[in-house]
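# Observations on the model geometry
So you can see what is in the structure, the chains are spelled out below.
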Amino acid sequence: MKTEGKIISGRKAKWYEFLQTLRGAHFVHRWMVGLMKLSCTEKVLDVGCGPGTVLFLLREKCGDHIKLYGIDPSEDMIRIAEGKNASRNSGIQFSVGVGEKLEFKDNIFDLVASSLTFHHLPIDAKRKTAQEIRRVLKPSGRVFVSDWGRPGNWLGRMISATVRKHAFTGENLQGSVAKLFSEAGFHKVEIIGVQFGIIEHISGVK
């Protein structure tokens, strides 16, 4: 199955991590990992993992005890992630896949994360991905999503003007992500942190 969203490939994939670092994404990833309340014996999936940044941070935090999986629709991104995985002997399971149709059985993950991915998906794909995340989570499993959200201050409003037309970010800026997880059947859906007045860290429980 192909994603309905934007795929980062080719030269963009090659330079993605470097450019994201220049844009400050590493602050988002590190804060996201710091906010996650997880046991280091859990089974975690990253949807839209890109080059694996969040998963490598989790491996660094938890060591070999945590079981880590990452999917991304970009073959180039997965190739980069697997290269890093091999060089670091990290033991993370990477595969090409799409959030709208996760190729995992029901009720197998303790936590599903997604960082700076949902703005690449149109609204219907966001909705399907939220539903799929709920399906693969164990009962009482948690979701944790970090992405563009509704601007909350002058800085957020200023940034929103520069990113509004990027991919499907405009939908995020209306507060769509948290709402879609509530509609998918999650409870305790909360925005537990905001960075730069516009990056929302959202959690929920199956």
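Residues numbered from 1 in each chain as written. Predicted model: local features only at pLDDT ≥ 70, side-chain atom pairs only at ≥ 80, totals over all residues. Heavy atoms only, no water.

### Comments concerning the overall build of the protein
What counts is decided by this rule: Helix and strand assignments follow DSSP, with helices taken as H or I runs no shorter than four residues and strands as E runs no shorter than two, numbered in order from the N terminus. Between buried and exposed lies partly exposed: a residue is buried under 20% and exposed over 50% of the maximum accessible area for its type, with that area taken using a 1.4 Å probe on protein chains only. In this analysis, two residues are considered to be in contact whenever any of their non-hydrogen atoms come within 4.5 Å of each other.
A count of helices and strands for the protein gives 8 helices and 7 strands. The C-alpha extent of the protein, read off along each of the three principal axes, is 45 × 40 × 35 Å. Expressed as a percentage of the 206 residues in the protein, the buried residues total 53%. Counting only contacts in the protein whose residues sit at least 6 apart along the sequence, the fraction spanning at least 24 positions is 76%.

### Let's talk about the state of the cysteines
To keep it simple, the criterion reads: Whenever a pair of cysteine sulfur atoms sits within 2.5 Å, that pair is classed as a disulfide.
Applying the stated rule across the entire model yields 1 disulfide. There is no disulfide at C49, and the cysteine sulfur nearest it, in C62, is 17 Å away.

### Observations regarding the sheet that holds strand β2 (residues 67-72)
Rules: In this scheme, strands are said to pair when DSSP sees at least two bridges between them. The axes are straight lines fitted to the C-alpha atoms, using for helices just the contacting stretch, and the angles between their N-to-C directions are given from 0 to 180°.
Spatially, β3-β2-β1-β4-β5-β7-β6 is the arrangement adopted by the 7 strands of the open sheet, whose pairing is mixed. Two strands bound the open sheet, and with one partner strand each, they are β3 (93-96) and β6 (187-195). Across this sheet, the average inter-strand angle for adjacent strands is 15°, counted without regard to direction. Bridge analysis of β2 against β3 gives 4 bridges, and the strand direction is parallel. Along β3, the bridge assignment pairs G70 with F94.

### Overview of the nonpolar core
Put simply, the test is: Among buried residues, those of type Ala, Val, Leu, Ile, Met, Phe, Trp, Tyr and Cys that are joined through side-chain atoms within 4.5 Å constitute a nonpolar core.
If you look at the biggest cluster of nonpolar residues, it comprises 21 residues, and the most contacted ones within it are M36, V44, L55, L58, L68 and F94. When residues of this core are traced back to their parent elements, those giving at least two are α2 (25-35), α3 (53-62), α4 (75-88) and β4 (109-115). Looking at this core, the element that brings in the most residues is α3, giving 6 residues. Residue contacts for L68: discarding those within four places in its chain leaves V44, L55, L58, R59, I92 and Q93. Grouped together as the second largest cluster of nonpolar side chains are 20 residues, I133, V136, V177 and A178 included.

### Some remarks on a nonpolar patch on the surface
Stated formally: Distance thresholds for patches are 9 Å for like charges and 5 Å for nonpolar side chains (Val, Leu, Ile, Met, Phe, Trp, Tyr), applied to residues having over 30% relative accessible area and no salt bridge. Only the protein chains shown count as cover for residues, and all accessible areas are computed by the Shrake-Rupley method using a 1.4 Å probe. The term salt bridge refers to a pairing of a side-chain nitrogen on Lys or Arg with a carboxyl oxygen on Asp or Glu at a separation within 4 Å.
On the surface, W15, F18, L19 and L22 cluster together into a nonpolar patch covering about 430 Å² of accessible area. The class for F18 is partly exposed, based on a relative accessible area of 49%.

### Looking at the environment of K61
How we decide: Whenever two N or O atoms come within 3.5 Å, that pair is a polar contact, provided that in protein one can donate a hydrogen and the other can accept it, and provided that, for residues adjacent in sequence, both atoms are side-chain atoms.
Note that K61 resides in helix α3. Along the primary structure K61 and V33 are separated by 28 residues, whereas in three dimensions their C-alpha atoms are 8.8 Å apart. Once residues within four sequence positions are removed from consideration, K61 is found in contact with V33, M36, L38 and C40. From its side chain, K61 meets the backbone oxygen of V33 in a polar contact 3.4 Å long.

### Brief notes about the packing of aromatic side chains
Defined as follows: Pairs were defined over the aromatic rings of Phe, Tyr and Trp, the Trp ring being its six-membered one, requiring ring centres within 6.5 Å. Orientation was assigned from the angle between planes: stacked under 30 degrees, edge-to-face over 60, tilted for the rest.
This model, assessed by the stated rule, comprises 6 aromatic pairs. With 5.5 Å between their ring centres and 45° between their planes, F118 and F181 make a pair best called tilted. With a gap of 63 residues between them, F118 in the loop between β4 and α5 (123-136) and F181 in helix α8 (residues 176-183) connect regions that are remote in the sequence. The exposure classification of F118 matches that of F181, with both residues buried. Taken together, the ring pairs connect Y69, F104 and F109 into an aromatic cluster.

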